[in-house]
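Letter by letter, the chains look like this.
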Amino acid sequence: MKKTVLVSGGAGFIGSHVTVELIEAGYDVVVADNFSNCDRTGYEGVKKITGRDDLPLEIVDFCDMAQVKALFAKYPIDAVIHFAAYKAVGESVAKPVMYYKNNLMSFLNVLEAAQDKGGCNVLFSSSATVYGEPEAVPVTEKTPRQPATSPYGNTKTMCEDILRDTVKASGGAVKGILLRYFNPIGAHPSALIGELPRGVPNNLVPYITQTAIGKRECLSIFGNDYPTPDGTCLRDYIDIVDLAKAHVFAVTRMMDGKMKENCEVFNIGTGRPLSVLELVTAFEKVNNLKLNYRFAPRRAGDVTAIWADPTLANTEMGWKATRSIEETLKAAWAWEKHLAGK
Ligand code: UD1
């Protein structure tokens, strides 16, 4: 019997890529989204890539328990992957109530529905942001979390704790995996799905591709006076398809009863630090173009250097990032060109 995975926020950047990988691995997927922060491009792209024209789509506001209940009543859900959340750091500082309300309420409703059905496998999309400015790099899952520097980051930390407590109280009927993503970038090799930020991008790679295509005039590199080899920040950029595949490993681990604890946490990164300048240079090289960029002051709240020790995900889950930065940056550029109709 095929197992069913509910993907909340399944039409978004990460959700759409995860949906493709789950379908290709043989799962039935229910995509649920309220399209508050994306249009239908991701959902339509997934259908094209997978040839699944009948892919179920439910327009659901996860903050509304009645809608969540109806969803759980309609499908035989074996696992939930929860992405439905707001994700802009700056906006969360300006609108904390909106962020706490949306990101906490939607997850609480998922957990309540999981409890009500007598148990479920729940995978939560956490972030390296929970490590703050780490004292030592790379970070392992045992690296202490730091107080969050934004309401967005705080919702990640809080949801981690909420899932842990729920799993514990359920006596293992609810099982949880927390995946802490580093910096997801790139796009599907088909160029049919990718990142579609609304307005001016906050994240580096969409800003780079939009500058290259001419939508933005100039990329600002925030800070070149950090204590790093070239003065720019170090991050662990993880290909979106590699990251999506990690979800298949995690869900299968839960379904197959392979978990060592009822709530587990894994870093999802490459283990390879790259500076902002290295990333920009690699983008120029692999795509054979010149990018208009300048050095600008540091951005408030940025950490100097963070990258993953992904050993646990490699050895325990059997997942490993395989795509090169060249492939990833080519895919990001192909996606931007696809959007521009080029
Ligand atoms: C950011 C969030 C993080 C969130 C993640 C989700 C902050 C402080 N952190 O991570 O909480 O989980 O996005 O994707 O916002 N950069 C530039 N110019 C730009 C944009 C970025 O130089 O126009 C630099 C940044 O200073 C940073 C690096 O590029 O050093 C990566 O930035 P970004 O893509 O925004 O990711 P993070 O800040 O690491």
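So, how was this worked out
Residues numbered from 1 in each chain as written. Predicted model: local features only at pLDDT ≥ 70, side-chain atom pairs only at ≥ 80, totals over all residues. Heavy atoms only, no water. Helix = DSSP H or I, 4+ residues; strand = E, 2+ residues; numbered from the N terminus. Buried < 20%, exposed > 50% of the residue type's maximum accessible area, 1.4 Å probe, protein only. Areas by Shrake-Rupley, 256 points an atom, 1.4 Å probe, with all protein chains shown as cover. Lys, Arg positive; Asp, Glu negative; His and termini not counted. Charge placed at Lys NZ, Arg CZ, Asp CG, Glu CD. 1 Å grid on protein atoms, 1.4 Å probe; cavity = no way out; pocket = protein on both sides within 12 Å on 5 of 7 lines; lining within 4 Å. Points joined across faces, edges and corners; volume = space filled by probe spheres on them. Nonpolar A, V, L, I, M, F, W, Y, C, P; charged D, E, K, R; others polar. Core = buried A, V, L, I, M, F, W, Y, C linked by side-chain atoms within 4.5 Å. Contact = heavy atoms within 4.5 Å. Axes fitted to C-alpha atoms, helices over the stretch in contact; angles between N-to-C directions. Parallel < 35°, antiparallel > 145°, perpendicular 65-115°, else oblique. Left-handed = near helix turned anticlockwise from the far one by under 90°. Pairing = 2+ DSSP bridges. Salt bridge = Lys/Arg side-chain N within 4 Å of Asp/Glu carboxyl O.

Novice: Looking at this structure, how should I read the overall build of the chain?
Specialist: For the chain, the count of helices and strands is eleven helices and 13 strands. Oriented by its inertia axes, the alpha-carbon framework of the chain measures out at about 55 × 45 × 40 Å. For the chain, the proportion of its 342 residues judged to be buried stands at 56%. Split by element, the accessible area of the chain, about 14700 Å² in all, is 52% carbon and sulfur. Separation between the mean location of the 38 positive side-chain charges and that of the 39 negative ones in the chain comes to 2 Å.

Novice: It is not clear to me how the layout of surface pockets should be interpreted in this structure. Could you clarify?
Specialist: Unoccupied space between atoms shows up once a probe the size of one water molecule is rolled over them. Taken as a whole, the second largest pocket holds about 290 Å³ of empty space. What lines the second largest pocket is a set of 14 residues, and nearest its centre among them are Glu141, Lys142, Glu261, Val265 and Leu312. At the level of secondary structure, the elements contributing two or more residues to the lining of the second largest pocket comprise β11 (263-268) and α10 (311-317). Here the residues of the lining of the second largest pocket are counted per class, giving four nonpolar, two polar and eight charged.

Novice: Can you help me understand the nonpolar core in this one?
Specialist: One broad rule of soluble globular proteins: the nonpolar side chains tend to lie buried together. Among the nonpolar cores identified, the biggest contains 52 residues, and Val5, Leu22, Leu179 and Ile268 are the most heavily contacted of them. At ten residues, the largest contribution of residues to this core is made by helix α8 (residues 240-255). Setting aside anything within four residues of it in sequence, one finds Val5 in contact with Leu22, Tyr27, Asp28, Val29, Val30, Ala79, Ile81, Val251 and Met255. Within the second largest apolar cluster, 29 residues are counted, among which are Leu71, Ala84, Leu104 and Cys263.

Novice: Got a minute to help me understand the packing of helix α7 (residues 204-213) against helix α11 (residues 325-339) in this structure?
Specialist: Geometry of a packed helix pair, given as the angle between the helix axes and the separation of the axes. One way to put it is that α7 packs onto α11 with a least axis distance of 10 Å and a crossing angle of 55 degrees. When the axes of α7 and α11 are compared, the pair comes out oblique. The crossing of α7 and α11 is right-handed. Residues Val205, Pro206, Thr209, Gln210, Ala212 and Ile213 of α7 touch α11, and the partners they reach there are Ala332, Trp333, Glu336 and Lys337. The residue makeup of the contact of α7 with α11, split by class, is six nonpolar, two polar and two charged.

Novice: How should the sheet that holds strand β3 (residues 57-59) be read in this particular structure?
Specialist: Strand pairing in a sheet relies on backbone hydrogen bonds. The paired strands run either parallel or antiparallel. Overall, parallel pairing links the seven strands, which are arranged β3-β2-β1-β4-β5-β6-β11 in an open sheet. Taken across any chain shown, the strands that pair with only one partner, and hence form the sheet edges, are β3 and β11. Adjacent strand axes in the sheet meet at a mean angle of 20 degrees, parallel and antiparallel pairs treated alike. Sheet topology places strand β2 (residues 28-33) next to β3; three bridges connect them, and they run parallel. Following the sheet pairing, Val31 is matched in β3 by Leu57.

Novice: It is not clear to me how the pattern of salt bridges should be interpreted in this structure. Could you clarify?
Specialist: Side chains bearing opposite charge may pair, as long as their charged atoms lie close to each other. For the coordinates displayed, the defined rule picks out 16 salt bridges. Residue Lys47 is joined to Glu44 by a salt bridge in which the shortest nitrogen-to-oxygen separation is 3.6 Å. Here the residue Lys47 and the residue Glu44 both occupy positions in helix α2 (residues 41-50), the gap between them amounting to three residues, near one helical turn. On the accessibility criterion, Lys47 (13% relative accessible area) is buried. A relative accessible area of 34% means that Glu44 is categorised as partly exposed. Two residues, Arg323 and Asp239, come together in a salt bridge whose shortest N-O distance is 3.0 Å. With Arg323 in the loop between α10 and α11 and Asp239 in strand β10 (residues 237-239), this pair connects stretches of sequence that are 84 residues apart.

Novice: What exactly am I supposed to notice about empty space enclosed by the protein here?
Specialist: In this structure the tally under the stated criterion is two cavities of 30 Å³ or more. Its boundaries defined by the atoms lining it, the largest cavity holds a volume of some 90 Å³. If you go around the largest cavity, the residues you meet are Gly186, Glu195, Pro197, Val205, Pro206, Thr209, Gln210, Ala332, Trp335 and Glu336. Taken together, the elements giving at least two residues each to the lining of the largest cavity come down to α7 and α11. Per-element tally for the lining of the largest cavity: the top contributor is α7, with four residues. For the lining of the largest cavity, the residue count by class is five nonpolar, three polar and two charged. Its volume calculated, the second largest cavity comes out at about 30 Å³. Looking at the second largest cavity, the residues that line it are His82, Ala84, Ala85, Asn103, Phe124, Thr155, Lys156 and Cys159. By residue class, the composition of the lining of the second largest cavity is four nonpolar, three polar and one charged.

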